[in-house]
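Breakdown of the fold
If you want the building blocks of each chain, they are given just below.
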Number of protein chains: 2
Amino acid sequence: MLKQYKLSELDLLPSRFKANLINSCTGYKSINIIGTKSDSGVENLAIFNSVIHLGSHPPLIGFTTRPLTVQRDTYDHIKASGQFTINSVSAAFVDKAHQSAAKYPSDQSEFEKVGLTPEYLGNSLAPFVSESALKYQCSYVNEYPIIENGCILIVGAIQEIYIAEDMISEDGWIDLSKREISTGIGLDGYAQPKDPIRFEYASPTTKPSLKNA
Amino acid sequence: MLKQYKLSELDLLPSRFKANLINSCTGYKSINIIGTKSDSGVENLAIFNSVIHLGSHPPLIGFTTRPLTVQRDTYDHIKASGQFTINSVSAAFVDKAHQSAAKYPSDQSEFEKVGLTPEYLGNSLAPFVSESALKYQCSYVNEYPIIENGCILIVGAIQEIYIAEDMISEDGWIDLSKREISTGIGLDGYAQPKDPIRFEYASPTTKPSLKNA
């Protein structure tokens, strides 16, 4: 049985119910920790469920943020330093990643507060999460203010990637399940998918068929 | 052991390897079918792995598209009609959803070609996917051309939602796993997460704890 919600009915729902519902509607989300460093050297991290692929040539990613809420440190540090890291979240520390959404004072290291380990790789000025099996350094490229609700799409260029080798398949596809990487539902739900399948390139003259099957 | 790819090394990789790698880097993606209808009444569908939550008050979603590639029908129909539907993908028809990425001629119904069923609910002029357990009607709101690579972020406003009732929890959170809804890795990988967990709201004065545990 399908439950129907008209827009006029959504507006009458309790605010938290509506937020949970709408946040769950788009399906599974990426879960990543963004690492930054303040002007005064404080190491910052924050969990984001909005990191998306924007392009491969050149490698570009995006994520959305609200400048006047919990993620403001991240936004300010990125604007000031031009640098950030994106770090995957595995089952073993998804609780700590979730905890990084708490609003700690800006002068405290959130790595320390949640119990994750900062790590510097390559020439990145922003800290990586040592525990992450897939992570990359990004430089700030641009931002697009979404005038409809004041959120901002930040665009970053991937500079350097670090991946656990066993996750990389022969053709470059990454098996996220090998390191129990998390996906998210809504604002506070997490799961670690298992046993992904792949399909061959879809063409009008072929039927869907599994890759390597 | 972490494998390192510098930007200069990424540029030397075979194009397909690089595309698979970069497309997998952001983590798990949402998988949805977007339904539209052409001026001449042809029902169109296409799989998208870029639908994201933009806001709950009002309910806004976004997705990225490249106007000159496979998704052009979807973009043209949305621009002309102002309407589209977003439909979740369950394990039972993920093969058909993947097949909708094939470049069928614009005058053919992709519902028919891939074997999914068009359905009209409420006052939507765009077809829904009957098989989907979670779907909603959207109106076109705005678009943001991403100047760095020519892709476009389309913003849509949710008008009316249809959800299998057993997926809706008491506080509005949707358990996508109850209907084996798919998530994606890269360009061609799919999985159906099981047993999601939820955490309580993160605060600086509390430790992470499971909801309803």
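Residues numbered from 1 in each chain as written. Chains lettered and ligands numbered in written order. Predicted model: local features only at pLDDT ≥ 70, side-chain atom pairs only at ≥ 80, totals over all residues. Heavy atoms only, no water.

Observations regarding helix α2 (residues 15-25) of chain B
Since one α-helical turn is 3.6 residues long, residues separated by three or four positions face the same way. Along α2(B), 9 of the 11 residues are buried, which leaves the element largely enclosed by surrounding structure. The set of residues buried in α2(B) consists of Phe17(B), Lys18(B), Ala19(B), Asn20(B), Leu21(B), Ile22(B), Asn23(B), Ser24(B) and Cys25(B). (Buried < 20%, exposed > 50% of the residue type's maximum accessible area, 1.4 Å probe, protein only. Helix = DSSP H or I, 4+ residues; strand = E, 2+ residues; numbered from the N terminus.)

As for the packing of aromatic side chains
Scanning all chains against the criterion turns up 8 aromatic pairs over all chains. Between Phe48(B) and Phe63(B), the aromatic rings sit 5.0 Å apart at their centres with planes inclined by 70°, giving edge-to-face as the arrangement. Residue Phe48(B) is found in strand β4 (residues 43-48), and its partner Phe63(B) is found in strand β6 (residues 59-65); the two are separated by 15 residues along the sequence. Across the pair, exposure class does not vary: Phe48(B) and Phe63(B) are buried alike. Between Phe63(B) and Phe84(B), the ring centres sit 5.7 Å apart and the planes meet at 70°, which makes this aromatic pair edge-to-face. Placement of the pair is Phe63(B) in strand β6 and Phe84(B) in strand β7 (residues 83-88), with a sequence separation of 21 residues. For the pair formed by Phe63(B) and Phe84(B), the shared burial category is buried. One aromatic cluster in this structure is built from Phe48(A), Phe63(A) and Phe84(A). Sitting over the face of the ring of Tyr5(A), Lys3(A) holds its NZ or CZ atom 5.2 Å from the ring centroid. (Phe/Tyr/Trp six-rings, centres within 6.5 Å; stacked < 30°, edge-to-face > 60°. Lys NZ or Arg CZ within 6 Å of the ring centre and 35° of its normal.)

Quick word on the relation of the copies chain B and chain A
Least-squares fitting of chain B to chain A yields an RMSD of 0.0 Å, with the superposition described by an axial translation of 0.0 Å and a rotation of 180°. Both copies are brought into coincidence by an operation consistent with a two-fold rotation axis. For chain B, the residue whose C-alpha comes nearest the rotation axis is Pro193(B), separated from it by 2.1 Å. (Least-squares fit on C-alpha atoms with pLDDT ≥ 70 in both.)

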